[in-house]
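Secondary and tertiary structure notes
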Amino acid sequence: MYLRKEPLSGNGKAKFLLVEDSTYTRGIKILKTILKIYCKEQANISALCYDGIGEELLYGMDANPEKVKLLDIFSDPYGWYEGNNLDELMSVNFIIENFCDYKGVLCIYSLTSLLIHNGIDKVYKMLHRLLHSNADLQILAFCHLGVHDLRESEIINRIATTSLRFKSEEDVVLLQSTVHYSSGKITSQLWDCKIDDNFNFLSIADVQLKKKPVKVKEPDPTENLTFNLLLNDEEMEVRSQVQLPYTQVQNSLDSVIENDYDDEEDPDDDLDI
């Protein structure tokens with residue numbers, strides 16, 4: 001039984017799963033691992049290869065030829081076999097015309113070539129149209145993060161349902177997944193995952209759960225006392241009947257202070273002066 005991709009996509013259907021590559025960590029391994037999961041699910045897959053030989057992308061995938069269709073633009077840049085020229089194959093209009101009603105997974109290897117050839121505005125509009133006009137289409141795309149500026153990276157990440165990238169932390173390479181929900185909520189998690197040479201997930205675990213400290217029971221200072229600090233009902237009733245000294249009414253005449261403001265005689269007559 002192979003591990004599924006749902007933990008990486010927020011336990012939901014990833015409409016647009018973006019795998020990011022960088023100068024320090026290569027993401028092609030995670031791309032092929034996700035692609036192999038789709039192959040095992042017997043999903044319809046169309047792979048557009050702009051950056052590498054198509055046969056190398058599908059190597060080790062155990063792909064069903066009836067389910068997986070490959071358009072190898074990298075090996076046939078001028079489209080001699082299909083009768084298309086390079087500009088037509090690299091155009092976003094080519095993808096819209098051929099995959100707007102496609103039911104399955106569209107694998108784009110990679111978005112970087114499309115962005116360089118068409119620009120961020122056209123690529124964004126293409127992705128937005130595909131994702132919002134076809135409920136049966138899923139997109140799995142690869143992108144070379146270091147090639148693009150901050151604006152392009154933010155726009156592509158914003159439209160992606162899930163973004164995956166490798167991240168180095170404390171000399172350990174971890175997989176970071178960022179999930180964008182339709183409600184606007186964004187979650188980010190780090191995964192400690194192991195992938196074998198045949199592009200299968202051997203294990204995947206949430207790093208935060210692995211690092212979660214064990215809760216230690218704090219000592220109770222009242223545990224071994226020889227007396228009880230709490231009162232029972234009878235003791236509480238007796239206590240309520242006790243009148244505290246400061247609540248008693250003082251009726252002593254000595255406590256009353258009189259004044260002689262209304263005395264018509266000499267107010268100082270009682271003074272021996």
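The structure this text deals with has already been given above.
Quick summary incoming for the structure in this document. Remember, predicted model here, so these are calculated numbers, not experimental data.

Each value, and the rule that gives it
Residues numbered from 1 in each chain as written. Predicted model: local features only at pLDDT ≥ 70, side-chain atom pairs only at ≥ 80, totals over all residues. Heavy atoms only, no water. Helix = DSSP H or I, 4+ residues; strand = E, 2+ residues; numbered from the N terminus. Buried < 20%, exposed > 50% of the residue type's maximum accessible area, 1.4 Å probe, protein only. Contact = heavy atoms within 4.5 Å. Areas by Shrake-Rupley, 256 points an atom, 1.4 Å probe, with all protein chains shown as cover. Patch = residues over 30% accessible without salt bridge, like charges linked within 9 Å, V, L, I, M, F, W, Y side chains within 5 Å. Salt bridge = Lys/Arg side-chain N within 4 Å of Asp/Glu carboxyl O. Axes fitted to C-alpha atoms, helices over the stretch in contact; angles between N-to-C directions. Parallel < 35°, antiparallel > 145°, perpendicular 65-115°, else oblique. Nonpolar A, V, L, I, M, F, W, Y, C, P; charged D, E, K, R; others polar. Pairing = 2+ DSSP bridges. Expected span 1.5 Å × (residues − 1). Phe/Tyr/Trp six-rings, centres within 6.5 Å; stacked < 30°, edge-to-face > 60°. Lys NZ or Arg CZ within 6 Å of the ring centre and 35° of its normal.

1. Side note on the overall build of the chain
Secondary structure assignment for the chain yields nine helices and nine strands. Within the chain, buried positions represent 40% of all 273 residues. When contacts within the chain are restricted to residue pairs at least 6 apart in sequence, those whose partners lie at least 24 apart make up 64%. Taken as a whole, the chain presents about 18400 Å² of accessible surface, with 50% of it coming from carbon and sulfur.

2. Things to note about a nonpolar patch on the surface
Nonpolar side chains collect at one region of the surface, where Leu 225, Phe 227, Leu 229 and Leu 230 lie side by side and expose about 430 Å² of accessible area between them. Here Leu 229 is to be found in the loop between helix 8 (207–210) and helix 9 (233–240). What makes Leu 229 exposed here is its relative accessible area of 54%.

3. As for the packing of helix 4 (residues 92–99) against helix 6 (residues 120–133)
For the pair helix 4 and helix 6, interaxial distance at closest approach is 10 Å and the crossing angle is 10°. Taken together, the axes of helix 4 and helix 6 lie roughly parallel to each other. Note on element contacts: helix 6 touches helix 4 through Lys 122, Val 123, Met 126, Arg 129 and Leu 130, opposite Val 92, Ile 95, Ile 96 and Phe 99. Across the contact of helix 4 with helix 6, the residue classes break down as seven nonpolar, no polar and two charged.

4. A short note on helix 5 (residues 111–118)
The α-helix winds at 3.6 residues per turn, so residues separated by three or four positions along the chain end up facing the same way. Most of helix 5 sits inside the fold, with six of its eight residues counted as buried. Residues of helix 5 that are buried: Leu 111, Thr 112, Ser 113, Leu 114, Leu 115 and Asn 118.

5. A word on the environment of Asp 136
Within the element layout of this structure, Asp 136 appears in the loop between helix 6 and strand 5 (137–144). Residues Asp 136 and Asp 101, 35 residues apart in the sequence, show an inter-C-alpha distance of 8.2 Å. In this structure Asp 136 touches Lys 15, Tyr 102, Lys 103 and Gly 104, once residues within four positions along its chain are discounted.

6. Here we look at the pairing of strand 4 (residues 104–109)
Within strand 4, six of the six residues are buried, leaving the element largely enclosed by the surrounding structure. Note: strand 4 against strand 5, six bridges, orientation parallel. When the bridges of strand 5 are listed, Ile 108 appears paired with Ala 141.

7. Considerations on helix 1 (residues 28–40)
The terminal C-alpha atoms of helix 1, which comprises 13 residues, lie 18 Å apart, in line with the 18 Å expected from a rise of 1.5 Å per residue. Within helix 1, 11 of the 13 residues are buried, which leaves it mostly tucked inside the rest of the structure. Along helix 1, the positions that sit buried rather than exposed are Ile 28, Ile 30, Leu 31, Lys 32, Thr 33, Ile 34, Leu 35, Lys 36, Ile 37, Tyr 38 and Cys 39. Gln 42 sits one or two positions beyond helix 1 and adopts a positive phi of about 60°.

8. With respect to the packing of aromatic side chains
A ring pair, where both rings are aromatic, is described by two values, the distance of the centres and the angle of the planes. Here the structure, examined in full by the defined rule, presents two aromatic pairs. Arranged with centres 5.5 Å apart and planes meeting at 55°, the rings of Tyr 109 and Phe 142 form a pair that is tilted. One end of the pair, Tyr 109, is in strand 4; the other, Phe 142, is in strand 5, with 33 residues separating them in the sequence. Neither residue differs from the other here; Tyr 109 and Phe 142 are each classed as buried. Across from the ring centre of Tyr 181, 5.9 Å away, lies the NZ or CZ of Lys 185, which sits over that ring.

Any functional reading would require information beyond the geometric quantities listed.
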